[in-house]
Amino acid sequence: MTLRAKVLTVSDGVAAGSRDDKSGTALVARLQDAGYEVATHEVSPDGRDAVAEALSALTTGFAGLVVTTGGTGFGPRDLTPEGTRAVIEREAPGLAEAMRRVSDRGDRAFGMLSRGTCGTVGESLICNLPGSSSGAVECLEAVLPALPHALELLAGEHPH
């Protein structure tokens with residue numbers, strides 16, 4: 001099975017061209033290192049409707065992983081989880097919990113502040129990652145081992 005992925009950076013600043021997209025670029029590189037063919041890397045402004053529209057477009061007819069970076073915190077425009085929930089058919093809470101756990105290691109308490117969600121739509125798996133490049137890659141690392149099997153199951157392979 002070919003591992004395919006798409007990356008969506010959710011940021012008003014990146015969308016406006018006033019900030020560099022460090023986290024999206026880092027995720028593309030890490031996914032490629034992990035053997036994923038990254039089909040596209042796009043940018044969306046913050047906000048529920050903008051994220052939902054972008055995710056709908058990215059998942060239509062696509063079988064693979066879609067990761068978002070940004071918009072999972074407590075800021076007034078951090079509405080990536082709400083936009084994601086408007087699109088997904090089934091949540092995958094274990095993946096989101098694994099990402100939160102890894103972000104709470106040591107003396108840090110960032111994971112408990114993440115509102116990111118994960119879920120499926122058709123044959124696509126969407127995972128919301130934090131907006132910082134280190135946090136996004138760290139959370140991706142936490143779930144990478146489980147993703148190929150999840151994508152196989154979504155594609156109808158290895159039914160239980």
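Residues numbered from 1 in each chain as written. Predicted model: local features only at pLDDT ≥ 70, side-chain atom pairs only at ≥ 80, totals over all residues. Heavy atoms only, no water.

S.K.: Is there a simple way to explain the nonpolar core in this structure?
M.R.: Where a protein is soluble and globular, its nonpolar side chains tend to be buried together. Counting residues in hydrophobic clusters, the biggest one holds 28 residues, and the most contacted among them are Leu-31, Tyr-36, Leu-65, Val-67 and Leu-147. Broken down by secondary-structure element, the contributors of at least two residues to this core are strand S1 (4–10), helix H2 (22–33), strand S3 (64–69), helix H5 (93–103), strand S6 (124–129), helix H6 (133–143) and helix H7 (147–154). For this core, the element with the highest residue contribution is H5, accounting for five residues. Those residues within four positions of Val-67 in sequence are excluded, and the remaining contacts are Lys-6, Val-7, Leu-8, Leu-27, Leu-31, Cys-127, Leu-129 and Leu-140. (Core = buried A, V, L, I, M, F, W, Y, C linked by side-chain atoms within 4.5 Å. Buried < 20%, exposed > 50% of the residue type's maximum accessible area, 1.4 Å probe, protein only. Helix = DSSP H or I, 4+ residues; strand = E, 2+ residues; numbered from the N terminus. Contact = heavy atoms within 4.5 Å.)

S.K.: Is there a simple way to think about the layout of surface pockets in this case?
M.R.: Here the largest pocket is characterised by a volume of approximately 550 Å³. Taken together, the elements giving at least two residues each to the lining of the largest pocket come down to S1, H2, H5 and H6. At five residues, the largest contribution of residues to the lining of the largest pocket is made by H6. Considering only residue class, the lining of the largest pocket consists of eight nonpolar, 18 polar and nine charged. (1 Å grid on protein atoms, 1.4 Å probe; cavity = no way out; pocket = protein on both sides within 12 Å on 5 of 7 lines; lining within 4 Å. Points joined across faces, edges and corners; volume = space filled by probe spheres on them. Nonpolar A, V, L, I, M, F, W, Y, C, P; charged D, E, K, R; others polar.)

S.K.: How should I be thinking about the packing of aromatic side chains in this particular structure?
M.R.: Aromatic ring pairs: the centre-centre distance and the angle between the two ring planes describe each pair. As enumerated under the stated definition, the model contains zero aromatic pairs in all. Sitting over the ring of Phe-62, Lys-6 keeps its end group 4.3 Å from the ring centre. (Phe/Tyr/Trp six-rings, centres within 6.5 Å; stacked < 30°, edge-to-face > 60°. Lys NZ or Arg CZ within 6 Å of the ring centre and 35° of its normal.)

S.K.: Whenever I open this one, H2 confuses me. Can you help?
M.R.: Note: α-helices contain 3.6 residues per turn, so residues at a spacing of three or four share the same orientation. Between its terminal C-alpha atoms H2 stretches 17 Å, which fits the 16 Å expected from 12 residues at 1.5 Å a residue. Regarding H2, the residues found buried are Ser-23, Gly-24, Leu-27, Val-28 and Leu-31. Buried positions in H2, seen along its axis, are confined to an arc of 140° and lie on one side of it. Exposed positions of H2 whose direction lies more than 90 degrees from the buried face are Lys-22 and Asp-33. (Expected span 1.5 Å × (residues − 1). Arc of directions from axis to C-beta.)

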